[in-house]
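# Inside the fold
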Amino acid sequence: MRRILNPLALIAAAGILAAGAASAQNLTASTTTANMGQVDHASTVSYTPGADSGSFDFDLRYDAARLTTTTPEVTGSIPGGTLNCNVPAAGQILCTATANSAAVDLGAGTITILFDVGTTLGVTPLTFMAANFFDQGGGTEPGTTTNGQVTVNSGPQPALSSVPAPASTITINDIVGGGATTGTLTITNSGQALSTLNVGAPTGLSGVLSIAPSTAQAIAQGSAGTAYTISCTAAAVGTTSQVLSFTHDGTSPGSPVTYNVDCVGVAGPTAPTASLGTVTQPSAGVINQTATGSVPVNVDSAGVATASLALTCTIPATGASAFAITGGGSRTITAPATVGPNAPDIGVSCVRQAAAVNATLSCAQNATPDPDPAALTATITCPAGTTAPNFASTPSPGGTINATGVTGDTVVGTLAVSNAAGTQALNVSNCTASAGFTVTTAMPLTIPAGASSSVSVSCVAPAPGVTNTGTLTCDHDAPNAASPVSYNLACTGVSGVIPTMGNAGKILLVSLMIGLGLLGMALRRQA
């Protein structure tokens, strides 16, 4: 049994008295508290010397049934002398101290007694059945003894828990020739706070089965415990069964706890296997535009490092739908494999047509070793596309809409909008002009397929030769042009006064009037 030579709790250390003092010798047994089941509990016997202290011996008795499960260990020293202690029988400790020389008195000292506490609660005395003190000449001297006691209480008690639970069967499947496969057993202390669970070294596994750590463990309550790794290295196809065992000092379950361990050798290597998950179909949208979807690949974890599975996926171009694989259609999966590292999904795309089109994604599986699994298939649907309007305008987006008129008059500029190439009605809305200009066309404006319309913008003409500018913006729902569209506005003023007629003009005007008069006379004569 391991002994603690420097215990943490030593009680009633003796005071030091100078040699030659008048007081009598004294032995004091400490009063301490121990927890039930505690290992190496420390109690002390302290010696206080008097004058001319030459030697002493004592017989200390205790309750062996309550305080120890083995013979206690007694250690200590006496300044100026030698100390010899022994345990002649359970429940009895004999110690003798002798001065090194007649010129040196014994000094104050402490004797430490380490007990293993049993499982019986109560109080046990530490009683001096006899104590004798001697001077340097060998004669007896007066002395006193003070008895002590050890109170045994329940203390914090450990308990053992494990995952899997005790008596469970731990099955480890290992591919023959593929190296070791491991399983895990975790033991924790589910007992009282501050308790420590002492678990012995694991026994029972050998040959194709091994375990680490393989040493005894002390597990504090509240900690994560000890995780044991059990390795199975199968030598042949079949099952090898062994019983794993641990001793422990917990209150429950009974000690030892055992687990059945099966090391199952399976034929190998075995390649991974794959399956296709739920398809994310291409989304709906405008005709002749690309739609995208995806298909997840799920892979099991079978196989060893030398096994692999190659996926080669194809999808036909059905009619004008132009199905295609956009990524992930060709990959090699090396065992051991899991689902996560095999991302990304298989990406698919198609071009929407006037009617829905179906196609079959097919993924061939080339396994190492053989045989090859059957091809994986999934149905992909390209949804029917919806037709779209077409936006065109005069002037084109970014151009200038002009309005010119006599100063002070309200003049109008026009934006011509057509849906000549569209197959659905074009909706124009939220046409907004900047300050100084007013949109006079009612909104929203709906233009049927193949038709045209216009948006009118009015302004008050400024002074002659002056042009006021602004902007017009309109929203629309055609996919062929960005929305909103924007245009420049220009409002220009001109003069409304009739210019003065010169001499040449006057001569022409008189000639015109004479000509008109002659023409009128001729017409009357004919009448």
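These remarks concern the structure in this document. (Residues numbered from 1 in each chain as written. Predicted model: local features only at pLDDT ≥ 70, side-chain atom pairs only at ≥ 80, totals over all residues. Heavy atoms only, no water.)

### Some words on the state of the cysteines
With the rule as written, the count across this model stands at six disulfides. One disulfide bridge connects C85 with C95, the sulfur atoms lying 2.0 Å from each other. Note on the C85 and C95 pair: the S-S dihedral is about 120°, so by sign convention the disulfide is right-handed. Within this pair, whereas C85 is found in strand β6 (residues 81-89), its partner C95 is found in strand β7 (residues 92-99), the two being separated by 10 residues in sequence. For C85, a relative accessible area of 27% gives the class partly exposed. By relative accessible area, C95 is classed as buried at 2%. Across a sulfur-sulfur distance of 2.1 Å, C431 and C474 are joined as a disulfide pair. Taking the torsion about the S-S bond as the criterion, the C431 to C474 disulfide, at about 120°, is right-handed. Highlighted residues: C431 in strand β34 (residues 426-433) and C474 in strand β38 (residues 467-476), separated in sequence by 43 residues. For the pair formed by C431 and C474, the shared burial category is buried. (Disulfide = S-S within 2.5 Å. Helix = DSSP H or I, 4+ residues; strand = E, 2+ residues; numbered from the N terminus. Buried < 20%, exposed > 50% of the residue type's maximum accessible area, 1.4 Å probe, protein only.)

### Here's the deal with the packing of aromatic side chains
Tallied over the full model, the rule gives seven aromatic pairs. Relative to F133, the ring of F56 lies with its centre 6.4 Å away and its plane at 40°, an arrangement referred to as tilted. Of this pair, F56 sits in strand β4 (residues 53-61) while F133 sits in strand β9 (residues 122-135), placing them 77 residues apart in sequence. A ring pair is formed by F246 and Y259, whose centres lie 6.2 Å apart and whose planes are at 80°; its orientation type is edge-to-face. (Phe/Tyr/Trp six-rings, centres within 6.5 Å; stacked < 30°, edge-to-face > 60°.)

### Structural notes on the nonpolar core
Counting 28 residues, the largest nonpolar core has L27, V45, F56, F58, L60 and L126 as its most contacted members. Contributing elements (two or more residues each) for this core: β1 (25-29), β3 (41-48), β4, β7, β8 (109-115), β9 and β12 (148-153). Judged by nonpolar contacts, the second largest core, of 27 residues, contains L276, L309, I333 and A335. (Core = buried A, V, L, I, M, F, W, Y, C linked by side-chain atoms within 4.5 Å.)

### Observations regarding the sheet that holds strand β36 (residues 445-447)
If you trace the five strands from one edge of the open sheet to the other, you get β32-β39-β38-β34-β36, paired in mixed fashion. Here the strands that pair on one side only, and so sit at the sheet edges, are β32 (400-406) and β36. Averaged over all adjacent pairs, the angle separating strand axes in this sheet is 30°, with direction ignored. Direction of pairing for β34 relative to β36: antiparallel, over a ladder of three bridges. In the strand pairing of β36, L426 is matched with I447. (Pairing = 2+ DSSP bridges. Axes fitted to C-alpha atoms, helices over the stretch in contact; angles between N-to-C directions.)

### Focus: unusual backbone geometry
For the peptide bond that leads from S252 to P253, omega is -15°, which places it in the cis range. Mapped onto the elements, P253 comes out in the loop between β20 (238-246) and β21 (257-266). The residue after T394, namely P395, is reached through a cis peptide bond having omega 0°. Topologically, P395 is positioned in the loop between β31 (392-394) and β32. Its identity is not glycine, yet A167 carries a phi of approximately 75°, on the positive side. A positive phi angle, close to 70°, is found at N288, a residue other than glycine.

### A look at the sheet that holds strand β15 (residues 181-189)
The strand order across the open sheet built from four strands is β13-β15-β19-β17, with neighbouring strands paired in antiparallel fashion. Edge strands, defined here as strands with exactly one partner in the open sheet, are β13 (160-163) and β17 (209-212). With strand direction ignored, the average angle separating the axes of adjacent strands in the sheet is 25°. Where β15 meets strand β19 (residues 226-232), seven bridges bridge the pair, whose relative direction is antiparallel. Looking at the pairing, G183 lines up with I230 of β19.

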